[in-house]
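Overview (structure and organization)
So the chains spell out like this:
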Amino acid sequence: MTSSRRLAPAAALAGLLCLGLAACGGGTTKDSASAAPSAAVSSAAPAAADPNAPIKEGLKIAFLPKAINNPYETIVDKAGIEAAAEYKGEAKEVGPSDASASSQVSYINTLTQQGQDAILIAANDANAVCGPLKQAMAKGIKVVSYDSDAAKDCRDLFINQASSEEVGRSQVKLMSELVGGKGEIAILSATANATNQNTWIEFMKDELTKPEYKDLKLVKVAYGDDDDQKSFQETQGLLQAYPGLKGIISPTTVGISAAARYISGTDYKGEVALTGLGTPNQMRQFVKDGTVEKFALWNPKDLGYLASYAAAALVSGQITGAEGETLKAGKLGERTIGKDGEIILGPPFTFDKDNIDEFDF
């Protein structure tokens, strides 16, 4: 922390994490089954990458977030749209008002019919979106998932905020620090099918099996569905159901801000530790009033920027998505494509009262 705080804000922003959660696979649900893949992607071998190929002008790309009113994803998508202007592309954001498993399907179909060059999606359910995405890919449309991954055979690249393992394990370490390594804790997640949330939670549970956490007990995983009011109510429910609860981890920007709002107006303030993943602008008041001591995130602007350049590079033939290829991502520099087409933005960053005013997003 101390060394990070010595960095100039701009440098710190560029190095902030990319969560991966994302984002971070979702389980098969009734919605998933009804949207089973119905179109096969061409088996023809892809053309070789040409790292020196120019980015094509006039590219049409579309961001499809989990929900159009999610403040975190609004930041991501706006940055991606601004990045498209740098390479003379046309970008837009479309999406549902709710984050249910099948809510994105009709938007994928419409974007495919419109002939977009690339679709960038934060998947609500890794499998529910798979069929429509495969149909898009069969028509030559590039698919980039960000924040929350789609099934691997239904996209070309996944832009992950940070190593999913690092995100999950670091959340437990942070909570343990806040509660002195003892007591009952709960997790307030987004939707039950969100790929990033489920992946992070599995790593949290695994981290909790280590001897140093023998006095920490996970009593409940609750779901606020990335809805502010439901997350607020779930926080209230957790605290009423578990009177001895010492802390809540909420690895979702909607959840952590709703939980903080509830706790800040009750006697639980200063008694129940809250941490998770949030934006500085959302959480600033709760850090300053003592509701939250520390929380983490990456820079969502950088995530959107990186995803936008990845889509442009795919469409332009600079990369194919193969492991080991190098993506040139404008002001963010270069990123190497890892296993299964994953590109990681960077490690998580911890915000507290000493550094939060250095950031504005």
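Quick summary incoming for the structure in this document. (Residues numbered from 1 in each chain as written. Predicted model: local features only at pLDDT ≥ 70, side-chain atom pairs only at ≥ 80, totals over all residues. Heavy atoms only, no water.)

**A short note on the sheet that holds strand 3 (residues 118–121)**
Where we set the bar: Note: two strands are recorded as paired if DSSP finds a minimum of 2 bridges between them. A run of H or I in DSSP becomes a helix once it reaches four residues, and a run of E becomes a strand once it reaches two; helices and strands are each numbered from the N terminus. Helix axes are fitted to C-alpha atoms over the stretch in contact, other axes to C-alpha atoms as well, and angles between N-to-C directions run from 0 to 180 degrees. Contacts are assigned to residue pairs with any non-hydrogen atoms lying within 4.5 Å of each other.
Taken together, six strands build an open sheet; the order of strands is 2-1-3-4-5-13 and the sheet is parallel. The open sheet has two edge strands with one neighbour each: strand 2 (90–93) and strand 13 (342–344). Averaged over all neighbouring strand pairs, the angle between strand axes comes to 20°, with direction disregarded. Pairing of strand 5 (residues 157–160) with strand 13, which is carried by three bridges, proceeds in the parallel orientation. Within strand 13, the position partnered with Ile-159 by the bridge is Ile-343. Lying on the sheet, helix 12 (residues 300–316) is in contact with strand 1 (60–64), strand 3, strand 4 (142–146), strand 5 and strand 13; it crosses strand 5 at an angle near 160°.

**Digging into helix 12**
Let me state the cut-off plainly: Multiplying 1.5 Å by the helix residue count minus one yields the expected span of that helix. Per-residue accessibility, obtained with a 1.4 Å probe over protein chains only, is compared with the maximum for each type, and a residue is labelled buried under 20%, exposed over 50%, and partly exposed between these values. Identification of polar contacts relies on pairs of N or O atoms within 3.5 Å, with a donor-acceptor requirement for protein atoms, meaning one able to donate a hydrogen and the other able to accept it, and with residues adjacent in sequence counted only if both atoms are side-chain atoms.
Counted at 1.5 Å a residue, the expected span for helix 12 with its 17 residues is 24 Å, and the 24 Å between its end C-alpha atoms agrees. Counting buried positions along helix 12 yields 16 of 17 residues, so the element is predominantly enclosed. The residue sitting at the N-terminus of helix 12 and contributing the capping side-chain oxygen is Asn-299; that oxygen lies 3.0 Å from the backbone nitrogen of Lys-301. Looking at the residues trailing helix 12, positive phi occurs at Gly-317, about 85°.

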